Amino acid sequence: MFKNLKLFGIAMLFALLAAALVACGGDNNNDNNGNGDDEEKTAEDFGDDVDWTITGIDPGAGIMNNTETAIDEYGLDDWTLEESSESAMLAELQTAYDNEEPIIIPGWKPHQMFEQFDLTMLEDPKEIYGGDGDEILAIGNKDFAETSPGAAKVIERFAEFYDTDVEQDLLVDINVEDEDPEDVADDFLEENDDLLEEWTEGVGDEYELGEEDVTLTYIAWAGALARTPLLAKVLEEAGYTVDQSQMEAGPAWQAVADDPSSVLTAAWLPATHADYWDEYEDDVEELGTFVDKAPLALTVPDYVVEKYGIESVEDLKK
Ligand code: PBE
């Protein structure tokens, strides 16, 4: 009996040892090979899995500056923000999403990416990205309204009508249905000739045309690529010759500050373009608000939230 007990004790010891080994082995599995897919991963695993890299866009974008600020303010010392362009970022997002691979990007609405993918905007308790969202504005040179009063009136009316839903529809037609932005604008105006009439009413009459050459300055971001050609056509219908001029964000703000015939169609205020506003506010003025609440945030696919348990920018800290 005693002997049996002793044997039992030894067996128990082995069993415990074995259990301990399995536990260690389990951990290793999770870290080192792909077998841990079903297991809960941590925010730190997420950092490792994306090489501590945020896939960014063009360096002039305000959301890039704000992301650098977020890295500082949330103490994300291990993270780097990679610069590229919106289209390159979207291509990477598409590939990651197709393969259910982790990725983190600066995101904003309205944007077709929220139509194409299931995405989560991470919480930003410090409101580095401006809380509820920015306004998307038409900003003209400070002399624009005096130089081309009719155009200023058209822009004001157009912007008053325009909103998130209108933009989201244009974005989907262009980027999901793959339609040409000029055709999308033509179709819109064909279907809404009553609006066109409203927007151009009294222009050249009650509201003088003034200087007839107008430059719409924009940046190659999806929303601007959708709304600028539409506004250009409306202004042409009102009697203007419109030049659409694509630039990087910094030069775009500068061009509008310098040129009385110029209007920026992609100003995000008060948060995202705060630096540009501080620099140029004396030389420009608001002509209208296209979208009154456009939120921005670091953004991940929903499967990242589920797999790594990340919900807030704070969770990215090592
Ligand atoms: N964006 C799109 C811009 C504003 C519009 C968010 C990339 C920016 O960050 O400046």
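Residues numbered from 1 in each chain as written. Predicted model: local features only at pLDDT ≥ 70, side-chain atom pairs only at ≥ 80, totals over all residues. Heavy atoms only, no water.

**Brief notes about the site of the ligand**
Near the ligand you find Ile57, Ala61, Gly62, Ile63, Trp108, Trp221, Trp268, Thr272, His273 and Leu296, and these make up its full shell. Contact between the ligand and Gly62: an oxygen atom at 2.7 Å from a main-chain N or O atom of the residue. A distance of 2.8 Å separates an oxygen atom of the ligand from a polar atom in the backbone of Ile63. Considered on its own, the ligand offers 280 Å² of accessible surface; in the complex 99% of this is hidden by protein. Considered class by class, the residues forming the shell around the ligand number seven nonpolar, three polar and no charged. (Near = heavy atom within 4 Å. Polar contact = N/O pair within 3.5 Å; in protein donor to acceptor, adjacent residues only side chain to side chain. Areas by Shrake-Rupley, 256 points an atom, 1.4 Å probe, with all protein chains shown as cover. Nonpolar A, V, L, I, M, F, W, Y, C, P; charged D, E, K, R; others polar.)

**Regarding empty space enclosed by the protein**
By the definition in use, this model includes one cavity of 30 Å³ or more. Every element with two or more residues in the lining of the largest cavity is listed here: α3 (62–73), α11 (222–237) and β8 (262–269). In terms of residues, the lining of the largest cavity owes the most to one element, α11, which gives three residues. Taken together, the residues that form the lining of the largest cavity break down as 10 nonpolar, four polar and two charged. (1 Å grid on protein atoms, 1.4 Å probe; cavity = no way out; pocket = protein on both sides within 12 Å on 5 of 7 lines; lining within 4 Å. Points joined across faces, edges and corners; volume = space filled by probe spheres on them. Helix = DSSP H or I, 4+ residues; strand = E, 2+ residues; numbered from the N terminus.)

**A short note on the layout of surface pockets**
The space that makes up the largest pocket amounts to roughly 240 Å³. Sorting the residues of the lining of the largest pocket by element identifies α4 (86–98), α8 (164–175) and α11 as the ones contributing at least two each. Of all the elements, α4 adds the most residues to the lining of the largest pocket, at three residues. Counted by class, the lining of the largest pocket contains eight nonpolar, five polar and three charged residues.

**With respect to the packing of helix α9 (residues 181–191) against helix α10 (residues 193–200)**
With their axes 5 Å apart at the nearest point, α9 and α10 run at an angle of 90° to one another. Considering the angle they form, α9 stands roughly perpendicular to α10. Between α9 and α10, the contacting residues are Phe188, Leu189, Glu190 and Glu191 on the first element and Asp193, Leu195, Leu196 and Trp199 on the second. Looking at the contact of α9 with α10 residue by residue, the class counts come to five nonpolar, no polar and three charged. (Axes fitted to C-alpha atoms, helices over the stretch in contact; angles between N-to-C directions. Parallel < 35°, antiparallel > 145°, perpendicular 65-115°, else oblique. Contact = heavy atoms within 4.5 Å.)

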